[in-house]
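This is what each chain is made of:
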Amino acid sequence: LHRDVSYLRSSIVGRGLLWSKTALRIPEVFKLVDDFIWLRNVEDPVASSFEFPSWPKPFYSELSGADLFLADLDALKVYAAYFYHRLRMWTKPLPDVYDAELVTEYFILRPHVVAIRLIEVFTAFVFAIIKFRVSRIGFIGDKDDHGSTSDYYFGMILKDTMLELGPTFIKIGQSLSTRPDIIGHDVSKALSELHDQIPPFPHSEAMKIIEEDLDSSTGTHFSYISEHPVAAASFGQVYKASTLDGFAVAVKVQRPNMQHIVYRDIYILRLGLSLLQKIAKRQNDLRLYADEVGKGLIGELDYNLEAANALEFMEAHSRFGFIRVPKVILSLTSKRVLTMEWMVGDSPKDLISISSPESERKLLDLVSKGVEASLVQLLETGLLHADPHPGNLRYTSEGKLGFLDFGLLCRMEKRHQYAMLAAIVHIVNGDWQSLVSDLREMDVIKGGTNLRRFTMDLEDALSELEFSNGIPDIKFSRVLGKIWSVALKYHCRLPPYYILVLRSLASLEGLAVAADPNFKTFEAAYPYVVQKLLSDNSEATERILHSVVLNRRQEFQWRKLAMFLRIGATRQVSHELYFSRFE
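For every chain, the first residue of the written sequence is number 1, and numbering continues from 1 along that sequence. Only residues with pLDDT of 70 or above have their local features reported here, since the model is predicted, and side-chain atom pairs are shown and tallied only from 80 upward, although totals for entire chains, interfaces and linings are computed over all residues. To obtain the side-chain values, all non-hydrogen atoms of the structure were used and water was disregarded.

Sorry if this is basic, but what is going on with the overall build of the protein here?
The helix and strand labels rest on DSSP assignments: H or I over at least four residues marks a helix, E over at least two residues marks a strand, and numbering proceeds from the N terminus. Along its length, the protein carries 25 helices and twelve strands. For the protein, restricting intrachain contacts to residue pairs at least 6 apart in sequence, the fraction spanning at least 24 positions comes to 68%. Every accessible area reported is derived by Shrake-Rupley at a probe size of 1.4 Å, with residue values counting cover from the shown protein chains alone. As displayed, the protein offers around 31700 Å² of accessible surface, 58% of which is attributable to carbon and sulfur atoms. Contacts between residues were defined by any pair of non-hydrogen atoms, one from each residue, lying within 4.5 Å.

Got a minute to help me understand the pattern of salt bridges in this structure?
Where charged atoms from two side chains of opposite charge approach closely, those side chains can pair. A carboxyl oxygen of Asp or Glu within 4 Å of a side-chain nitrogen of Lys or Arg is what we treat as a salt bridge. With the rule as written, the count across this model stands at 24 salt bridges. As a salt-bridge pair, D365 and K369 come within 2.8 Å of each other at their nearest N and O atoms. One end of the pair, D365, and the other, K369, are both in helix 16 (residues 357–381), four residues apart, so they sit about a helical turn from each other. Here D443 ties to R415 by a salt bridge, and the two come within 2.6 Å at their closest N and O atoms. Taken together, the residues D443 in the loop between helix 18 (432–441) and helix 19 (451–461) and R415 in helix 17 (residues 414–429) connect sequence positions 28 residues apart. Classification of D443 as partly exposed rests on a relative accessible area of 42%. Here R415 falls in the partly exposed class, since its relative accessible area comes to 34%. Note on classification: 1.4 Å probe, protein chains only; a residue is buried when its accessible area is under 20% of the maximum for its type, exposed when over 50%, partly exposed between these limits.

Can you walk me through the packing of helix 4 (residues 100–108) against helix 12 (residues 258–280) in this structure?
When two helices pack together, their arrangement is captured by the angle between the axes and the distance separating the axes. Here, axes are lines fitted to C-alpha atoms. For helices the fit covers the stretch in contact, and angles between N-to-C directions go from 0 to 180 degrees. Axis separation between helix 4 and helix 12 bottoms out at 10 Å; the angle between their running directions is 95 degrees. Between helix 4 and helix 12, the angle falls in the class roughly perpendicular. Counting all contacts with helix 4, which are made through A100, V103, T104, Y106, F107 and I108, the residues of helix 12 involved are H260, Y263, R264, Y267 and R270. Polar here means any residue outside two lists: the nonpolar Ala, Val, Leu, Ile, Met, Phe, Trp, Tyr, Cys and Pro, and the charged Asp, Glu, Lys and Arg; Gly therefore counts as polar. A per-class count over the contact of helix 4 with helix 12 returns seven nonpolar, two polar and two charged. Angles are sorted into four bins: roughly parallel if under 35 degrees, roughly antiparallel if over 145, roughly perpendicular if 65 to 115, and oblique for all others.

Help me out: how do you make sense of the pairing of strand 6 (residues 337–341) in this one?
Both faces of the sheet carry side chains from a regular strand, because those side chains alternate between them. Across the five residues that make up strand 6, a large majority, five, are buried. Strands are treated as partners if at least two bridges between them are detected by DSSP. Sheet topology note: the strand 4 (residues 248–254)/strand 6 ladder contains five bridges and is antiparallel. Residue pairing for strand 6: V253 is matched across the bridge by V337.

How should I be thinking about the confidence of the model for the protein in this particular structure?
Parts of the model with low pLDDT should not have their predicted coordinates read in detail. The predictor's confidence in any single residue is recorded as pLDDT, a number from 0 to 100. On average, the protein scores 80 in pLDDT, and the residues at 70 or more come to 82%. The secondary-structure element of the protein with the lowest mean pLDDT is helix 25 (residues 575–580), recorded at 36, while strand 6 shows the highest, at 95. When the criterion is pLDDT under 50, residues 143–147 qualifies, and its contacts beyond four places in sequence or with other chains add up to six contacts. For residues 572–583, every residue scores under 50 in pLDDT, and the model assigns this stretch 15 contacts once sequence neighbours within four places are set aside.

Before we go on, may I ask you to explain unusual backbone geometry in this structure?
A positive phi angle is found at D215, which is not glycine, with a value near 60 degrees. With respect to the helices and strands, D215 occurs in the loop between helix 10 (203–214) and helix 11 (218–221). Here D215 falls in the exposed class, since its relative accessible area comes to 68%. Positive phi values are uncommon outside glycine, yet N257 reaches one of about 55 degrees. With respect to the helices, strands and loops of the structure, N257 is situated in the loop between strand 4 and helix 12.

Got a minute to help me understand the nonpolar core in this structure?
Side chains that are nonpolar tend, in soluble globular proteins, to be buried together. Put simply, a nonpolar core is a bunch of buried Ala, Val, Leu, Ile, Met, Phe, Trp, Tyr and Cys residues held in one set by side-chain atoms that sit within 4.5 Å of each other. Formed by 84 residues in total, the largest nonpolar core has its most connected members in I323, F454, L458, I483 and Y497. Residues within four places of L458 in sequence aside, it is in contact with W432, L435, V436, L439, I483 and V486. W38, V103, V114 and Y267 belong to the second-largest nonpolar core, a separate cluster that totals 19 residues.

Looking at this structure, how should I read the packing of aromatic side chains?
Note on ring pairs: Phe, Tyr and Trp rings are taken, using the six-membered ring of Trp, and paired if centres are within 6.5 Å. Classes follow the plane angle, with under 30 degrees stacked, over 60 edge-to-face and the rest tilted. Applying the stated criterion to the full structure yields ten aromatic pairs. Residues F125 and F169 carry aromatic rings whose centres are separated by 6.4 Å and whose planes lie at 55 degrees to one another, so their mutual orientation is tilted. Placement of F125 in helix 5 (residues 111–139) and of F169 in helix 7 (residues 167–177) is noted, with a sequence separation of 44 residues between them. Where F454 meets Y490, the ring centres are 5.1 Å apart and the plane angle is 55 degrees; that geometry is what we call tilted. Within this pair, whereas F454 is found in helix 19, its partner Y490 is found in the loop between helix 20 (476–489) and helix 21 (496–515), the two being separated by 36 residues in sequence. Neither residue differs from the other here; F454 and Y490 are each classed as buried. What links up through ring pairs into an aromatic cluster is the set W38, Y106, F107 and Y267.

Would you mind going over a nonpolar patch on the surface with me for this structure?
What makes a patch is a set of residues exposed beyond 30% relative accessible area and free of salt bridges, joined within 9 Å when like-charged and within 5 Å when nonpolar (Val, Leu, Ile, Met, Phe, Trp, Tyr). Nonpolar side chains collect at one region of the surface, where F122, V126, F127, I130 and V134 lie side by side and expose about 520 Å² of accessible area between them. Note that V126 resides in helix 5.

What am I meant to see in the environment of V253 here?
Topologically, V253 is positioned in strand 4. Its relative accessible area of 0% is what places V253 among the buried residues. In the structure, V253 is positioned 48 residues away from E205 in sequence and 9.6 Å away in space, judged by C-alpha atoms. With near-sequence residues (within four places) excluded, V253 lies in contact with F201, A206, I209, I210, F235, G236, Q237, Y239, Y303 and R336.

Hey, could you run me through the packing of helix 16 against helix 17 in this one?
Close contact between helix 16 and helix 17 brings their axes to 8 Å; oriented N to C, the two are set at 125 degrees. If you check the angle between helix 16 and helix 17, you find them oblique. Where helix 16 abuts helix 17, its residues L375, L378, L379, E380 and T381 lie against K414, Q417, M420, L421 and I424. Of the residues that constitute the contact of helix 16 with helix 17, the class distribution is six nonpolar, two polar and two charged.

What follows is the structure, encoded as structure tokens:
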């Protein structure tokens, strides 16, 4: 019976659906309806900015019949001008650069779009809550193959909900998956699958976007392009291709109508935070958080900006021989199409799945180089990759660490770099009072904070640190997470680079466990910190070295100094890596 049902579904029903889809031109109808709902056909890219007109005020006076008739005609002209102006405002498209006021004006004229989406989001989360409550009844006290509890099922349901709600929510879910310190390990583990389970959009639409943006057919620029995408992301998908001269490239194509979709979801998030602000009676404007998210996501939609970011990242890290950045083909890049050199290499997922001594060695080397690359970005160049999840890393045949996806970069000030350098040293030294000073220099601690209490809470949070050969025997990300938890207690706002480093190191430590459960990030990172201090002759590093050599009573700390020099002397680097810094 099951086979008969499956046959009927796959043959008769399937063919019927395929025939109806072709004969009735269902995709075209859906597109027309979608364009009508969004009023895309009336948008004018060159339309000027409009202001909302005020409603015409009625005016009555002692008039003759003829005068009254003429006055009515004048009034009709005023009302007609008002409605014409309102209709003209529909022609104003969404801005290319995020502007909260312009976005608000756009969606005030399209309340039906917002209402439909609100119903979709509300319904999706209501069903998710019901599903979670039911699953708790069935699985309470049990563990699945992943060894997870009900938190994992909650994460899986949340992941399915994010996939159902589309690209913006998938992007938010991916960001949350890198923050186990906030949402918990099990939920983070479930959401991390969002990086691998994003469905692609139709091949024909992708080819149409390439042809529209490059102003010619794909055959004009590419001798080969894969029939199916090799990877699908939240905002686009990637094809493997070859240029006419045989150069292997990766072609990234943006999903259709992404700008409208992202702006709509950010506007709804802004409305939600505004409502929450009123309910919670908060003084600060919570909508600013939605604006920050909006600026980042809209920035990622311009692939010309991503190409510029890739070139900037390549130039900033060109002197570090172990970092590899693919070349950008600017002539084949536009706002919705990005063409870059095809990077040959193993992904962390590939190395974990192979499970051999060679793959474990490569994985550990990738993690070690990843830790060093994070420190190079943090302490040397001040230019950080803003999406440091394992899917954006490759281990090349030359043993180099390759980076992919440059939609967002984070830039640091020099004083923040030195403050972070000092913070690492003071964590190793167990000097919590100096660590609090570093956090103030990093603009983490706000004015008016009780520093004495903050220091006591920080010391209590980090009191469990155990040391091995003078280095904390604990994951780096866990230390940063504990500092984060104390900062949240005092309503501090951690800077973007701190969160990125935390995400990057947490991802790398998760990969390291697959090859070596005893891998210690501090042990891999601190020698680089020591070398940085010994080779940098700035006034800031001299102050940091002073805190290593002398305590607060100006007494020599011989043991710490000996440990510091020992670590600096035993740093292991390849000949290429070491000398590439001095080229």
